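# Structural characterization, general
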Amino acid sequence: DGKLLTKKQFPGFITSVECYPDLAADGPRILVTTREARLYCLKPDGTEVWKTDFLDSQKLNRDLPVAYSIGLLKKPDGSPLIMTGNYNLATFVSPAGEVLKYERLPAAYQTMTLPRGVDFNGDGKQEIVSTEVWGTFSVLNADMVRSASGRLPRGTGLLLDYWQPPTPEQAKAIVCTD
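Residues numbered from 1 in each chain as written. Predicted model: local features only at pLDDT ≥ 70, side-chain atom pairs only at ≥ 80, totals over all residues. Heavy atoms only, no water.

## Comments concerning the packing of aromatic side chains
This structure, assessed with the given rule, holds one aromatic pair. Taking 4.9 Å as the distance between ring centres and 65 degrees as the angle between the ring planes, the aromatic pair formed by Phe10 and Tyr40 counts as edge-to-face. You can see Phe10 sitting in the segment before β1 (14–24) and its partner Tyr40 sitting in strand β3 (residues 38–42), a full 30 residues away along the chain. The pair Phe10 / Tyr40 is uniform in exposure class, with both members buried. (Phe/Tyr/Trp six-rings, centres within 6.5 Å; stacked < 30°, edge-to-face > 60°. Helix = DSSP H or I, 4+ residues; strand = E, 2+ residues; numbered from the N terminus. Buried < 20%, exposed > 50% of the residue type's maximum accessible area, 1.4 Å probe, protein only.)

Right under this line is the structure:
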């Protein structure tokens with residue numbers, strides 16, 4: 001009906017927002033990253049469930065610890081795993097807000113991450129794609145490691161969307177070129 005459900009003020013600029021209905025057993029969760037290197041988890045009514053920060057990652061990336069994108073993987077046991085694309089790191093976070101691991105990536109500004117993980121290679125583990133503004137992409141898996149990476153040729157782009165193909169032989173990612 002277009003009615004405002006909630007309004008939440010954050011201490012800084014928002015860099016990414018995603019909503020996941022299956023992140024918690026008691027209902028949907030909204031994940032928000034801010035320029036102050038924080039990740040917030042909210043209920044749909046705006047109630048803060050938890051917040052965490054990525055300040056420790058500044059030692060690893062030697063630059064801003066800001067997260068620019070958010071994705072969600074499922075571990076083989078079905079439990080969720082949050083992944084954020086930071087400056088030149090992927091940060092893995094538990095559904096309770098605990099930073100589990102920082103994984104170095106080959107390039108900076110991970111501004112685009114597939115919102116959900118998919119088992120691209122049929123090994124029973126979900127993978128997620130994260131890319132940055134200069135065309136380098138990384139594939140990260142539910143084991144919290146980078147399993148592949150590459151660089152798109154100049155003049156190409158990667159559309160981060162996924163659909164379930166009718167058969168395993170059909171394409172599982174879309175690459176756009178000009």
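## Focus: the pairing of β1
In the sheet, β1 pairs with strand β2 (residues 27–34) via seven bridges, with the strands oriented antiparallel. Bridging from a neighbouring strand, Ser16 pairs with Thr33 of β2. As consecutive antiparallel partners, β1 and β2 are separated by two residues. (Pairing = 2+ DSSP bridges.)

## As for the pairing of strand β8 (residues 99–104)
In terms of strand pairing, strand β7 (residues 89–93) meets β8 through five bridges, oriented antiparallel. Each bridged residue has a counterpart across the sheet, and for Ala90 the counterpart in β8 is Glu103. Linking β7 back to β8 in an antiparallel pair, the connection comprises five residues, with Gly97 at a positive phi of about 95 degrees.

## Quick look at the sheet that holds strand β4 (residues 48–53)
With antiparallel pairing, four strands are arranged side by side in an open sheet as β1-β2-β3-β4. Both edges of this open sheet fall to β1 and β4, since each of them pairs with a single strand only. Pairwise comparison of adjacent strand axes, ignoring direction, gives a mean angle of 20 degrees for this sheet. Here five bridges tie β3 to β4, and the two strands are oriented antiparallel to one another. When the bridges of β4 are listed, Cys41 appears paired with Trp50. (Axes fitted to C-alpha atoms, helices over the stretch in contact; angles between N-to-C directions.)

## Considerations on the pattern of salt bridges
One pass over the full model with this rule turns up five salt bridges. For the salt bridge of Lys125 with Asp143, the shortest nitrogen-to-oxygen distance reads 2.6 Å. With Lys125 in the loop between β9 (112–113) and β10 (127–131) and Asp143 in the loop between β11 (136–141) and β12 (146–151), this pair connects stretches of sequence that are 18 residues apart. Residues joined in a network through salt bridges with shared partners are Asp22, Lys74 and Arg116. (Salt bridge = Lys/Arg side-chain N within 4 Å of Asp/Glu carboxyl O.)

## Considerations on the sheet that holds strand β6 (residues 80–85)
Spatially, the four strands line up as an open sheet ordered β5-β6-β7-β8, and their pairing is antiparallel. Two strands close off the open sheet at either side, each with one partner strand: β5 (69–74) and β8. Each strand axis lies, on average, 25 degrees off the axis of its neighbour in the sheet, ignoring direction. Inspection of the sheet shows β5 paired to β6 by six bridges, in the antiparallel sense. Bridge pairing in β6 places Lys74 opposite Pro80.

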